[in-house]
Amino acid sequence: MNSLTSKIPNPNPSSLSPAVISSTAAAANSGSTACCSCRHQRRKCVSGCALAPYFPAGEEANFENAHRIFGVAKILRILELVAPDQRAAAMRAVIFHANARSRDPAGGCTRLISDMQRHIDRARAELHRINQQINCFEMQMAAAAANTLSDGAALDWGC
Ligand SMILES: [Zn+2]
């Protein structure tokens, strides 16, 4: 079970780990606060930059992966298409998809989904087997309580 759990990828790789937070802080302290997109395009990052909230300085890997898969124009188009309250979720999905594709160029998110589906199927099968055992043990206990074992010998219920 632990080996399976350890293989499940972090469902939210864009969450700020301490390393990312420290690198973000380092970038801020160095005076370079341009977002990754503006830095990539070598332009000044103005307040109100559409991509700055999602690709702040210090998160170059997220931007590079997203840029490689989608491109800046398409990311901006996605932001335009979704409602404002859905933009953060859309950008998390873009970053997750891009990072998954970067880690696994052939499988990407599809392999993650199929791996998780197999994990769910195995867990469901184990749950079914355990429920069958519980039912069997409960029937044994009920039979013992009713003293239905005529000769007192334990029957093999196959639990
Ligand atoms: Zn910017």
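Here the residue index of a chain counts from 1 through its sequence in written order. A pLDDT threshold of at least 70 governs which residues receive local features in this predicted model, and a stricter bar of 80 or more applies before side-chain atom pairs are shown or counted, although totals over entire chains, interfaces and linings include all residues.

Turning to the overall build of the protein, a few remarks are in order. From N to C terminus, the protein includes seven helices and zero strands. Each helix and strand of the protein, ordered N terminal to C terminal, gives the series α-α-α-α-α-α-α. Residues counted as buried form 16% of the 159 residues belonging to the protein. Sequence separation of 24 or more characterises 53% of the internal contacts of the protein that already satisfy a separation of 6 or more. Helix and strand definitions here come from DSSP, where helices need a minimum of 4 consecutive H or I residues and strands a minimum of 2 consecutive E residues; each element is numbered from the N-terminal end. In this scheme the burial state of a residue depends on its C-beta neighbours within 10 Å: 20 or more other such atoms mean buried, 12 or fewer mean exposed, and anything in between means partly exposed; the C-beta positions come from the backbone. With C-beta atoms placed from the backbone, a contact is any residue pair whose C-beta atoms sit within 7 Å.

Remark: nonpolar core denotes a set of buried Ala, Val, Leu, Ile, Met, Phe, Trp, Tyr and Cys residues whose joining runs through C-beta atoms within 7 Å. Residues C35, C36, L51, F55, A66, V94 and I95 are the most contacted members of the largest nonpolar core, which totals 16 residues. Going through the elements one at a time, α4 (60-69) and α6 (87-103) are the ones with two or more residues in this core.

This part takes up α4. Since one α-helical turn is 3.6 residues long, residues separated by three or four positions face the same way. Turning to α4, its buried residues number three or more, namely N62, F63, N65, A66 and H67. One or two residues past the end of α4 sits G71, with phi positive at roughly 85 degrees.

Another aspect to go through is the packing of α4 against α6. At their nearest, the axes of α4 and α6 sit 8 Å apart, and the two run at 85 degrees to each other. One way to sum up the angle between α4 and α6 is to call them roughly perpendicular. Residues N62, N65, A66, R68 and I69 of α4 form the contact with α6, whose own contacting residues are V94, I95, H97, A98, N99, R101 and S102. Simply put, an axis is a line fit to the C-alpha atoms, just over the touching stretch for a helix, and the angle between two N-to-C directions goes from 0 to 180 degrees. Working rule for angles: under 35 degrees goes down as roughly parallel, over 145 as roughly antiparallel, 65 to 115 as roughly perpendicular, anything else as oblique.

All right, on to the environment of R103 then. Structurally, R103 is set in helix α6. Along the backbone, R103 and N65 are 38 residues apart, and their C-alpha atoms lie at a distance of 9.7 Å.

We now examine the environment of I130. Relative to the helices and strands, I130 resides in helix α7 (residues 108-145). When the 10 C-beta atoms within 10 Å are taken as the criterion, I130 is described as exposed. For the pair formed by I130 and C159, sequence separation is 29 residues and the distance between their alpha carbons is 9.7 Å.

This part takes up the packing of α6 against α7. Contact geometry of α6 with α7 gives a least axis separation of 7 Å together with a crossing angle of 90 degrees. Between α6 and α7, the interaxial angle falls into the category roughly perpendicular. Together, H97, A100 and R101 of α6 and G108, C109 and L112 of α7 make up the contact between the two elements. Considered class by class, the residues forming the contact of α6 with α7 number three nonpolar, two polar and one charged. Note on residue categories: nonpolar means Ala, Val, Leu, Ile, Met, Phe, Trp, Tyr, Cys or Pro, charged means Asp, Glu, Lys or Arg, and polar means any other residue, Gly included.

Moving on, we get to the confidence of the model for the protein. Mean pLDDT for the protein: 82, with 74% of residues reaching 70 or above. For every residue, the predictor assigns a confidence score, pLDDT, that lies between 0 and 100. Segment residues 1-30 is flagged for pLDDT under 50; beyond a separation of four residues in sequence, or across chains, it makes 25 contacts in the model.

Now for unusual backbone geometry. Of note in this structure, R42 is not a glycine but carries a positive phi near 55 degrees. Within the secondary structure layout, R42 lies in the loop between α3 (36-40) and α4. Residue classification places R42 among the exposed residues on the basis of 7 C-beta atoms within 10 Å.

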